[in-house]
Every structure is written in structure tokens, then in C-alpha cells.
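Residue-level listing of the chains:
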Amino acid sequence: MAIERTFSIIKPDATRRNLTGQINTKLEAAGLRIVAQRRIRMSREQAEAFYGVHRERPFFGSLCSFMTSGPVVVQVLEGENAVARNREVMGATNPANAAAGTIRKEFAESIEANSVHGSDSAENAQIEIAFFFAGCDVVG
Ligand code: GDP
């Protein structure tokens, strides 16, 4: 299995509750290495561009407001099959449907305030890493 990179965000509901360390522990326990990490306050423009694929969805405005409501931690994760591995440890979008032991099952507050983002494909991972880490050190 090839070593791969994926993009992750620890969302405002989690940073507000001081869960960055607990979430990172779960990522590392899943075999993912945090090879770049930065805490930022996302701008409305960044949120709207990042979630552009959801522009027509009824929750788009609310999602962008949520993502700009507090600090987020953007990350590059590296490991075997990292995209799929991260999606596994994240759990389902709606925490009510997330498997036991997943980040969203343990920490998410709602389908929107669900603690973490993770790229859904290797192609999107590349795009999302470039969006937040262009010009930054990523040290594998
Ligand atoms: P993900 O890949 O599991 O994060 O899920 P999606 O790509 O489908 O959705 C992106 C993000 O939009 C989710 O992580 C949630 O924060 C939010 N979201 C998804 N579905 C809903 C919904 O039905 N209502 C609201 N309010 N937010 C949603």
C-alpha cells in the first residue's frame, strides 16, 4: 500500500472545547502522521471557496458561518492509504450514524458541527492541501 497524504480540519466546535490534542491522539493511533499543522481563523471567502461544491445545498450559508465561527486547525496527514484511513477514523458525517470509537461518534455535536473534515479522494486531498498549505513546509 502506498504512502499517501490527505487534508484534515479540526472544526470550530472541537477547538472551542479544547479537543485538538484528543483528536490528534486518535489520528496518530490510526497510523496517521501529522506532517503539517496550522491554527487559523478561516475567512468567509475561504470557507465559501473551500465548500464551493456545496454552494447549492440548503445548509451552505449555515456551514460557512459555522466554519468561520472560531479557530480551526488545518492539517496534512500522511500514512498508508491515508485518505481512506482518515475517513474511517472520522466516522459518518452525521454522528448519529457514526461507528463506535470514531472521532465524530465521540466528539461531534451535530451533522454540521461534526468536529473534523477529511478529504474524500486523493485528487481532492491534493487540491485541499494546496489551498491551505501552498508555500508552507510539509515535513514527512
Ligand atoms: P463529509 O465529507 O463527511 O464532511 O460530508 P459532506 O462533504 O457531505 O458535507 C460537508 C460538511 O457539511 C459536513 O462535514 C457537515 O459539516 C456539513 N453538512 C453535511 N450535511 C449537512 C446537513 O444536512 N445539514 C447541515 N447543517 N450541515 C451539513
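Coordinates for the structure precede this section.
Computed from a predicted model, the values in this text were never measured in an experiment.

Caption draft 1: Quick look at the pattern of salt bridges. Under the counting rule described, the total for this entry stands at seven salt bridges. For Glu-78, the salt bridge is made with Arg-5, and the minimal N-O distance between the two is 2.8 Å. With Glu-78 in strand E3 (residues 72-80) and Arg-5 in strand E1 (residues 3-10), this pair connects stretches of sequence that are 73 residues apart. Notably, a salt bridge pairs Arg-16 with Glu-109, separated by 3.2 Å at the nearest N-O pair. Here Arg-16, found in helix H1 (residues 12-16), pairs with Glu-109, found in the loop between helix H6 (103-107) and strand E4 (116-118); they are 93 residues apart in sequence, far enough to count as distant. On the basis of relative accessibility, which here comes to 57%, the residue Arg-16 falls in the exposed class.

Caption draft 2: Examining the sheet that holds E4 more closely. Read across the sheet, four strands follow the order E2-E3-E1-E4 without closing on themselves; strand pairing throughout is antiparallel. The open sheet has two edge strands, strand E2 (33-40) and E4, and neither has a second partner. Ignoring strand direction, the axes of neighbouring strands in this sheet form an average angle of 20°.

Caption draft 3: Local environment of the site of the ligand. Every residue near the ligand is listed here: Lys-11, Tyr-51, His-54, Phe-59, Leu-63, Arg-87, Thr-93, Arg-104, Ile-111, Glu-112 and Asn-114. In the model, an oxygen atom of the ligand is placed 3.0 Å from a nitrogen or oxygen of the Arg-104 side chain. Within the backbone of Glu-112, one N or O atom sits 2.8 Å away from an oxygen atom of the ligand. Its free accessible area being 550 Å², the ligand has 78% of it covered by the protein chains. Judged by the proximity of its atoms to the pocket grid, the ligand belongs to the largest pocket. A per-class count over the shell around the ligand returns four nonpolar, three polar and four charged.

Caption draft 4: How the structure looks around the packing of aromatic side chains. Overall, the coordinates contain seven aromatic pairs when judged by the stated rule. Measuring from centroid to centroid gives 6.4 Å for Phe-7 and Phe-133, while their planes differ by 70°, and the two rings are edge-to-face. Here Phe-7, found in strand E1, pairs with Phe-133, found in helix H7 (residues 122-133); they are 126 residues apart in sequence, far enough to count as distant. The same class applies to Phe-7 and to Phe-133, which are both buried. A centroid spacing of 5.0 Å and a plane angle of 85° characterise the contact between Phe-50 and Tyr-51, whose relative ring orientation is edge-to-face. In this pair, the class of Phe-50 matches that of Tyr-51, namely buried. Members of the aromatic cluster, connected to one another through ring pairs, are Phe-7, Phe-50, Tyr-51, Phe-131, Phe-132 and Phe-133. Sitting above the plane of the Phe-133 ring, Arg-38 keeps its charged end 5.6 Å from the centroid.

What counts and how
Residues numbered from 1 in each chain as written. Predicted model: local features only at pLDDT ≥ 70, side-chain atom pairs only at ≥ 80, totals over all residues. Heavy atoms only, no water. Salt bridge = Lys/Arg side-chain N within 4 Å of Asp/Glu carboxyl O. Helix = DSSP H or I, 4+ residues; strand = E, 2+ residues; numbered from the N terminus. Buried < 20%, exposed > 50% of the residue type's maximum accessible area, 1.4 Å probe, protein only. Pairing = 2+ DSSP bridges. Axes fitted to C-alpha atoms, helices over the stretch in contact; angles between N-to-C directions. Near = heavy atom within 4 Å. Polar contact = N/O pair within 3.5 Å; in protein donor to acceptor, adjacent residues only side chain to side chain. Areas by Shrake-Rupley, 256 points an atom, 1.4 Å probe, with all protein chains shown as cover. 1 Å grid on protein atoms, 1.4 Å probe; cavity = no way out; pocket = protein on both sides within 12 Å on 5 of 7 lines; lining within 4 Å. Sits in = over half its atoms within 2 Å of the grid points. Nonpolar A, V, L, I, M, F, W, Y, C, P; charged D, E, K, R; others polar. Phe/Tyr/Trp six-rings, centres within 6.5 Å; stacked < 30°, edge-to-face > 60°. Lys NZ or Arg CZ within 6 Å of the ring centre and 35° of its normal.

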